[in-house]
Amino acid sequence: MLKKLSPLLLLLPLSGCASNWGWYVVDPTTNSGYNNVWFLLTGLYYTVLLSVTAIVISVVIGLLVALPGLSANKYLRGFNRVYVEFVRAVPILVLILWVYYGLPQLAGIAIGVFWAGVIALALSDSAFEAEIFRAGIQSIDKGQYEASHSISLNYADTMRFVILPQAIRRILPALGNQLVYMLKMSSLVSVIGMQELTRKANELVVTEYRPLEIYTVLVLEYLVLILIVSAGVRWLERRMQTDERN
Amino acid sequence: MTKNDADVLIEIEDVSKFFGTFQALKSVNLKVSKGERVVVCGPSGSGKSTLIRCINQLEKHEKGDITVDNVTHDGTARSLNAIRQKVGMVFQQFNLFPHLSVLDNLTLGPIRARGMSKPDAEKLAMQYLERVRIPEQSDKFPRQLSGGQQQRVAIARSLCMEPQIMLFDEPTSALDPEMINEVLDVMTELASSGMTMIVVTHEMGFARRVADTMVFMDHGEIVEVAPPEKFFKQPDSVRCQDFLQKILQH
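Summary of the structure given here. (Residues numbered from 1 in each chain as written. Chains lettered and ligands numbered in written order. Predicted model: local features only at pLDDT ≥ 70, side-chain atom pairs only at ≥ 80, totals over all residues. Heavy atoms only, no water.)

Below, the discussion takes up the packing of aromatic side chains. Residue and element names in this part refer to chain A. Going through the model one piece at a time under the given rule, you end up with seven aromatic pairs over all chains. Taking the centre distance of 6.1 Å and the plane angle of 50° together, the rings of Tyr46 and Phe114 count as tilted. Linking Tyr46 in helix 4 (residues 43-69) with Phe114 in helix 7 (residues 113-138), this pair joins segments that are 68 residues apart in sequence. Measuring from centroid to centroid gives 6.3 Å for Phe79 and Tyr83, while their planes differ by 40°, and the two rings are tilted. (Phe/Tyr/Trp six-rings, centres within 6.5 Å; stacked < 30°, edge-to-face > 60°. Helix = DSSP H or I, 4+ residues; strand = E, 2+ residues; numbered from the N terminus.)

Shown next, in the form of structure tokens:
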């Protein structure tokens, strides 16, 4: 991990040679600097909670949308196609605005900032998850279905015990990608006032007038977060591979 | 050839199957009695695999009737399930579940489809692993086994469903020559235990030893049905004579 972060050290000289940097705003040795850093870091809570909740929901929806896409029935396949094409075509930011400002009017319900963010991110991502699942399931050899049929497994058991465990191993790198993507896209939820990393940074900039330093810290926050997630996904991949080999 | 109808376990009547415009089966008729061992041979593309795959509906036929133990395929899930419970199948490519251990490969069907408890299913699985002579491999994964061992596991997996009929679709064609016999030995033992079997194979030595009935197919038709003594000595059709000459000359 330390080795991976070492390129960041290259950024340090930058601060030395540029006279217009004012690191004091985020200098943890001073009182106000410490408070500012703490303020920025508290955004991590909602960034992580929002992204993880949204990815879990989007994986479930993605799977439920992918399965009809693999059916022999053309109406079920049509549903899958329409859903994927439609949801994929809406920009995430637009979907966030629509869910937060539009959906309450349409449905006559109040949606908080957090759940509006979760719904928008999960919906948007579910179309991509659906395509990933479809590709993963389609990559499984036809013989696996035939063997399952020959031992009288029904559709649900065939999927649950035979096809999906193999498909998920194959699509794990792609699912990891989506999680990273989700962590980044969660920054967009700042526009509706979600108190996550980006919103915190924006608010601090307004009071401190030091966008360069504060947004640099924001970049580093996302970078570290995502490097940790990537390492986690890679560990999981290795573990599942050895599972299959041993 | 007439058979006592009370003994008939599988009845294939006037079955046709198309792949697009290509007709893979042309009005095929065949009766298989309880305990009968049928070996199906013929050139590649003659429809032998398609025929046995229609019996458990891995391929759907377009015309005719297939009846297994008094249940006729009528397109409903009910008849499909009833028949698949009675019919086991062994594939050319083994089709073991690579992410499951040998034991889990064997117990999945009994637990999920037959509602057995895990300990009972494991006891049953060990019993059949012993029958195919590899009980010591139960904790391994398929990829750690040789081809011959994998195919024997696949046979045991089918037997764990305690079927009345076993279908073999070229079970030794994907195996290295030195492993063919270990699989044929297991199949021979199974045959001598009274199992009803339909075997698609080019192993004519096995056919001679084990078959009650030889079936020769060509271009989607059953051309010749005869007991092995007659089949290998003096088949009626020219096509069958040609085929046998080609595969028996070396």
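Quick look at the pairing of strand 2 (residues 22-33) of chain B now. Residues and elements named next belong to chain B. Across eight bridges, strand 1 (residues 8-19) lies against strand 2 in antiparallel orientation. Looking across to strand 2, one finds that Ile12 is bridged to Leu30. With antiparallel pairing between neighbouring strands as the criterion, strand 1 and strand 2 make up a hairpin whose turn holds two residues, including Gly20 at a positive phi of roughly 65°. (Pairing = 2+ DSSP bridges.)

Attention now goes to the state of the cysteines. Residues and elements named next belong to chain B. A complete count under the given rule lists zero disulfides over all chains for this structure. The thiol of Cys240 is unpaired, and the distance to the nearest cysteine sulfur, on Cys41, comes to 6.2 Å. Given a relative accessible area of 0%, Cys240 falls into the buried group. (Disulfide = S-S within 2.5 Å. Buried < 20%, exposed > 50% of the residue type's maximum accessible area, 1.4 Å probe, protein only.)

A few words on the interface of chain A and chain B. Each partner contributes to the interface: chain A provides 23 residues, whereas chain B provides 23 residues. Between chain A and chain B, the buried area comes to about 2000 Å², and carbon and sulfur atoms account for 56% of it. Inspection of the chain A/chain B interface yields two salt bridges. A salt bridge links B:Arg53 to A:Glu146, with the shortest nitrogen-to-oxygen separation between them at 2.5 Å. (Contact = heavy atoms within 4.5 Å. Buried area = accessible area lost by both parts, 1.4 Å probe. Salt bridge = Lys/Arg side-chain N within 4 Å of Asp/Glu carboxyl O.)

Attention now goes to the sheet that holds strand 10 (residues 221-226) of chain B. Within a beta sheet, neighbouring strands are joined by backbone hydrogen bonds and run either parallel or antiparallel to one another. Residue and element names in this part refer to chain B. The mixed open sheet is built from six strands, whose spatial order is 6-7-8-3-9-10. In this open sheet, the two strands that pair with only one neighbour each are strand 6 (87-90) and strand 10. In this sheet, neighbouring strand axes are inclined to one another by 20° on average, regardless of whether the strands run parallel or antiparallel. Examined bridge by bridge, strand 6 and strand 7 (residues 165-169) share four bridges and lie parallel to one another. Across the sheet, Val90 pairs through a bridge with Phe168, a residue of strand 7. Sitting on the sheet, helix 9 (residues 238-248) is in contact with strand 3 (37-41), strand 9 (213-218) and strand 10, with an inclination near 100° to strand 9. (Axes fitted to C-alpha atoms, helices over the stretch in contact; angles between N-to-C directions.)

All names here are of chain B. Buried within helix 9 are the following residues: Cys240, Phe243 and Leu244. All buried residues of helix 9 project into a common sector of 95° when viewed along the axis, lining one side. Every exposed residue of helix 9 that faces more than 90 degrees away from the buried side is listed here: Val238, Gln245 and Lys246. Buried residues belonging to helix 9 abut strand 3, strand 9, strand 10 and helix 8 (228-233). (Arc of directions from axis to C-beta.)

To continue, consider a nonpolar patch on the surface. Residue and element names in this part refer to chain A. A contiguous nonpolar patch, built from Val48, Val52, Val56, Val60 and Leu64 and spanning about 410 Å² of accessible area, is present on the exposed surface. Among the structural elements, Val56 can be located in helix 4. Judged by its relative accessible area of 48%, Val56 falls in the partly exposed class. (Patch = residues over 30% accessible without salt bridge, like charges linked within 9 Å, V, L, I, M, F, W, Y side chains within 5 Å. Areas by Shrake-Rupley, 256 points an atom, 1.4 Å probe, with all protein chains shown as cover.)

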